[in-house]
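Secondary and tertiary structure notes
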Amino acid sequence: MNLLESMQVYVLIVDKGSLSAAAEAMDISATMAGKHLRALEARLGMQLLSRTTRRQHMTAFGEDYYTRCREILRLVEETDAQAQHQQLAPAGTLRISAPVIFGTHALVPALADYMARYPEVQVEATLTDRVVDLTEEGFEAALRIGTLADSSELVAQPLAPYRLMMCASPGYLDRHGTPHTAQDLAGHQCLSFEPTALAQWLQAAPGGLERVSGGRLQINNGEALRAAALHGLGIVLQSALLLAADVEAGRLVQLLPGHGHAGRPMHVVYAHDRYRSNRLRSFLAFLAERFPPEGTAFGTDIRP
């Protein structure tokens, strides 16, 4: 049995809901479609479909194999088209990951334009501040903020820096005073995710500030840190995307405008050895257009 043809039969059985409907779509007999399914299960040593006299449904392994078959068939289709010098419109499911704040306030609004431009692409976006494993978790691309770890398996495309703002509420400043230099921060409540995250406060004060005291409150969520600052619990250093509206409305006061102005580096990363589907290439180009880097090279490896 031809393996790709058997995969196609299996996908159609699932999509159409029955073996006979898949056989009709493939223009083969139901007997032949059944042989393809049995050949696949024998090859894999695993059952793909649990069948009764009334209905059939995928096994747990069958669900995973179905997803992989669809992707393989898509890649084969695109590769054939490229070999024939044809251009396929980006299509299929694009799975991406992005940090929560950037994803909510910048990426998701931008996706409205991307999806309007490429109507055949479905996007599955996971917003998390955790560093995901692209290969193990099945992501085609991930946006990452901060200095990247060395990797020979990932390619990094630089994007616009992630701008930061330092703010505090008027009430907090009335009680504790307004810092006018980076050195003044040593006597203030500096809110952060965790003690190690306070290192980013020091980066904007070269040759001066040696230590920043963590606030009495630590929260592992940017929106919650904003809320803490609004309630006068300390000074926050967070994304300008998150804090700009509060500053404009007077709910927060921006401190040391030059502090952290350069922001943190931001990249979109993807697997070094991954086949670049049309949808991935279209997404990378869209990000470069919407969030252009400032004087950085396009598509560099993650290396020192």
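A tally of regular secondary structure across the protein gives 11 helices and 13 strands. Counting every position in the protein, which comprises 304 residues, the buried fraction comes to 40%. Partitioning the contacts of the protein with sequence separation of at least 6, the portion at a separation of at least 24 is 73%. Summing over all exposed atoms, the protein offers an accessible surface of approximately 16,200 Å²; the carbon and sulfur share of this is 51%.

Turning our attention to the confidence of the model for the protein. Averaged over all residues, the pLDDT of the protein is 83; the fraction at 70 or higher stands at 82%. Across the protein, element-level confidence peaks in helix H7 (residues 170-176) with a mean pLDDT of 95 and bottoms out in strand S13 (residues 300-301) with 37. Under a pLDDT of 50 for its full length, residues 204-210 has, in the predicted model, 10 contacts with residues more than four places off or in other chains.

In a regular helix each residue adds 1.5 Å, so 14 residues correspond to 20 Å; helix H1 (residues 3-16) covers 20 Å between its end C-alpha atoms and thus fits that length. Measuring from the side-chain oxygen of the N-cap residue of H1 to the backbone nitrogen of Leu4 gives 3.1 Å; that N-cap residue is Asn2.

Another point: the nonpolar core. Judged by nonpolar contacts, the single largest core of 49 residues is most densely connected at Phe102, Leu107, Tyr114, Leu143, Phe283, Leu287 and Phe291. Ranked by residues supplied to this core, first place goes to helix H5 (residues 100-117) with 7 residues. Among residues more than four places away in sequence, those in contact with Phe291 are Phe102, Ala106, Ala110, Leu159 and Ala160. Met7, Ala23, Met26 and Leu40 belong to the second-largest nonpolar core, a separate cluster that totals 17 residues.

On to the pairing of strand S4 (residues 121-127), then. As judged from the 7 bridges shared by strand S3 (residues 92-98) and S4, these two strands associate in the parallel manner. Counterpart to Gly92 in the pairing with S4 is Val121. Chirality of the crossover, the property in question, places the unit of S3, H5 and S4 among those that are right-handed.

The next thing to look at is the pattern of salt bridges. A full pass over the atoms with the stated rule returns 10 salt bridges. A salt bridge links Arg117 to Glu289; the nearest nitrogen and oxygen atoms lie 3.0 Å apart. Placement of Arg117 in helix H5 and of Glu289 in helix H11 (residues 278-290) is noted, with a sequence separation of 172 residues between them. Using a relative accessible area of 48% as the deciding quantity, one classes Glu289 as partly exposed. The residue Arg226 makes a salt bridge to Asp246 at a minimum N-O spacing of 2.5 Å. Residue Arg226 is located in helix H9 (residues 222-230), and its partner Asp246 is located in helix H10 (residues 240-249); the two are separated by 20 residues in the primary sequence. Here Asp246 falls in the buried class, since its relative accessible area comes to 1%. The network of salt bridges with shared partners includes Glu71, Glu140 and Arg279.

Procedures and definitions
Residues numbered from 1 in each chain as written. Predicted model: local features only at pLDDT ≥ 70, side-chain atom pairs only at ≥ 80, totals over all residues. Heavy atoms only, no water. Helix = DSSP H or I, 4+ residues; strand = E, 2+ residues; numbered from the N terminus. Buried < 20%, exposed > 50% of the residue type's maximum accessible area, 1.4 Å probe, protein only. Contact = heavy atoms within 4.5 Å. Areas by Shrake-Rupley, 256 points an atom, 1.4 Å probe, with all protein chains shown as cover. pLDDT = per-residue confidence, 0-100. Expected span 1.5 Å × (residues − 1). Polar contact = N/O pair within 3.5 Å; in protein donor to acceptor, adjacent residues only side chain to side chain. Core = buried A, V, L, I, M, F, W, Y, C linked by side-chain atoms within 4.5 Å. Pairing = 2+ DSSP bridges. Right-handed = clockwise from strand over helix to strand, strands pointing away. Salt bridge = Lys/Arg side-chain N within 4 Å of Asp/Glu carboxyl O.

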